[in-house]
Amino acid sequence: MKGRVLNTSIMASLTAVVVVLWVMLASVPKSSAIPAFSRKYQTSCTTCHNNYPELNDFGEAFKKNGFKFPKDDEVFVKEPPVLLGSKAQKEAFPGAVYPGEIPGYLPIAFRYEGNFNLNRKQPPGAIQPTSFTPRTDLFAPNTFTMISAGSFGQNLSFWIDDDISVDAANGNGGMGDGWLKYSDLGHGIGLPKNALNVRFGQFELDLPFTQAKTIYLSPFDIYNQPTVAGSLGTANNSMIFGAPQRGIEFGGTPNNGNFNWSVAVTNGSNVGKATRSSKDVYVRLSEKFNLERDPESRNAIQAAGATGPRDHTSIRLGFFYYYGKNQQNQDGSISTNLATIEEPFYRVGGDLRFKYRKLELFGLGMFGHDDNHLFTAGPPATIAVAPAVKFSGGFIGANYWLYPWLIGTFHYDAVNSAADFVNGTPASQYHTRNRFSPGFQVLVRANIKVVGEYQYTFGQPYTDPVTGNTLFFRPNTFQTGIDYVF
Amino acid sequence: MSLAKIAAKVAVAASITLVLAGVSWANEIKGKVSVQGIKSAENIAVYVDAIPDKKFDPPKDGVVVDQKKMAFIPHVVAVQQGTTVEFLNSDSVGHNVYWPSISGNKKLTHNLGTWPKGEKKPFQFNDLGAASLLCNVHPEMSGYVVVVPTPYFAVTDKDGNFEIKNIPSGKYTLKTWSEDGKPTTQAVDVSAATSTVELTVKK
């Protein structure tokens, strides 16, 4: 009884602390976010983000224009850049270094994310010696990220982000994106503005829906799908579609930014060193159709209405294709008697995004195909073509802005992979690994978010220790936490 | 006395009255606002409060509030009740204008919408009080329209100085409105050509 009273008292105290913190955080906003561009233009995060880091229509236009306002950028800059040479030096070129500029401020911003995880209680048979999951885990993954971005004058822009710390000290952080972009390369030959740009470095591919800057706590599973044949053959492709790549990308956004194209040539080894001589190619095409009835809104960067600006009512349709040639047995690891085995692979898919006032609907379908071989040790050692390793899947989702600061979110992810099912990695009750993820996001300030997401995931098999029967357990999780940038 | 003489005397008397009246209309209030606990004495509205049994017609000329370089210009504008304010967008980005209340009265909230560069939208302010101008595209933007009951008002300069001109002789109540300070009320006797007042606005 005494213990119960004590527990009640502790719970009451904890509740009080949580309520006080919540009230402190949720009181009427006074300040705005101040990361790099907020400082430069002395404007709020919400100028470019409806729900950071997701960009609104204006933010998209700003990004496509090399991190500059689409019109009259100089007028809006409140922190003038430092000129690295007079503008008149252009006339003296090549007799002088071409003049450039650097941001007049230190263009650095920081982001912190820490979540509270509430995990479903594991049944005894489902607990593996090395995979015990406690019911709760506070402030995980506890990520601290440094972001630097800006422009070096008229055409050059840059972006660098680095997870300084993941899961506290000695975490496996690292550089996400680090690139330099030259915009409007086609200006000299009469191409429309920003019809041809080039980007070098390490970058997330021009994905239909960003993984690196997603608003969700859980990833898009299809982006993270490797191809491992296991017992089915030699295919062993660790390329992660949603992870950054090292390479060069040509792209452009003509037609007032509504048409988007990009072609990237990459190592195909994500952020690691190149593991093969051949390069991969990624192609993306998309067209945004502006469905705004009012011509004034249709032509503006952000749609206008009686209640203020919002994103255009629009539908965006896209297509993407990734091709590479994976190589096995380069070092004779399969057999010294065999040459290198080439296994071409591709990922192909389409996507759709529909925006209507406070509602955003989206979806992506993707198919993966890797050539595969069967190796027989022999002697003699032989290699023969085996059925390709394939997977398919995608995601659909919706976001709804109940208020400008309160957003309901949902996404459903599914991955169908016969190889994964056969290899049991990860085991699934069916061929499909799927997950429903409803959630909420509260913009406590323009730069501070409280986020929450429930992940209702697929059943994973385990053996009942009493009956010996195979049962299935869904390791569902509720995640909530804090996310702030400054 | 002949009718002509009477008429002449009346004319002279009327002329003197008109001259005297003209002199009294040329009065002015000059003053300085000091602040306590507030960063600046700039942009404080100083106005003569409602005068009993005296009504004023709304001015014919409107006032323009510009949106330029993502700021409301001027930051504070005082207008007589019934004035039409035209909101201009001089920026190449879309701006919105709305106010959530007038002096806390949320029933008086209004949203003028969003419009592009070069266009104006008018609104006639018939309710007394301060409308806090906001732009929901750029939340950092802020401005105020202070609607006052008489045509005798001014907004302080960066040193807190103000000047209310063309005020007839009489005893009035002078009031202030400021973004961060409490309202101040002070009686003022406008009998001389120039009356000087000192006001203090506290946080």
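On a predicted model such as this, the values are computed, not experimentally measured, just so you know. (Residues numbered from 1 in each chain as written. Chains lettered and ligands numbered in written order. Predicted model: local features only at pLDDT ≥ 70, side-chain atom pairs only at ≥ 80, totals over all residues.)

**So, the pairing of strand β24 (residues 477-485) of chain A**
All names here are of chain A. Selection rule: Exposed residues have 12 or fewer other C-beta atoms within 10 Å of their own C-beta, buried residues have 20 or more, and partly exposed residues fall in between, where C-beta atoms are placed from the backbone. The helix and strand labels rest on DSSP assignments: H or I over at least four residues marks a helix, E over at least two residues marks a strand, and numbering proceeds from the N terminus. Pairing between strands requires that DSSP locate at least two bridges from one strand to the other.
Alternating residues of β24 divide into Thr477, Gln479, Gly481, Asp483 and Val485, all buried, and Phe478, Thr480, Ile482 and Tyr484, none buried. Examined bridge by bridge, strand β5 (residues 108-119) and β24 share nine bridges and lie antiparallel to one another. The partner of Leu118 across the bridge, within β24, is Phe478. Here strand β21 (residues 448-457) runs beside β24; their pairing, made up of eight bridges, is antiparallel.

**Some details on the interface of chain B and chain A**
Spelled out, the test is: Residues are scored as being in contact if the C-beta atoms we place from backbone atoms lie within 7 Å. Classification used: nonpolar for Ala, Val, Leu, Ile, Met, Phe, Trp, Tyr, Cys and Pro, charged for Asp, Glu, Lys and Arg, polar for all others including Gly.
Across the contact, 17 residues belong to chain B and 22 residues belong to chain A. Of all elements in the fold, only β7 (95-99) and β8 (110-115) of chain B reach the threshold of two or more residues within the side of chain B that touches chain A. Element by element, the count of residues in the side of chain B that touches chain A is highest for β8 of chain B, at four residues. Class assignment of the residues belonging to the side of chain B that touches chain A gives a composition of seven nonpolar, eight polar and two charged.

**Regarding the confidence of the model for chain B**
Residue and element names in this part refer to chain B. Filter applied, for reference: Confidence scores labelled pLDDT are given residue by residue by the predictor and lie between 0 and 100.
Looking at chain B as a whole, the pLDDT averages 89, with 88% of positions reaching at least 70. The spread of mean pLDDT over the elements of chain B runs between helix α1 (residues 3-25), the lowest at 52, and strand β5 (residues 76-80), the highest at 98. Across residues 15-24 the pLDDT falls below 50, and counting only partners more than four positions away or on other chains, this stretch makes two contacts in the model. Scoring of the predicted complex yields 0.85 for pTM and 0.76 for ipTM.

**Quick word on the domain arrangement of chain B**
Residue and element names in this part refer to chain B. To be explicit about the condition: Segment limits for the domains were obtained from an automatic or database-derived domain assignment.
Assigned domains within chain B: domain 1 (1-56 + 153-203) and domain 2 (57-148). Of all the secondary-structure elements, those providing two or more residues to the side of domain 1 that touches domain 2 are β2 (45-48) and β12 (153-155). For the side of domain 1 that touches domain 2, the residue count by class is six nonpolar, one polar and one charged.

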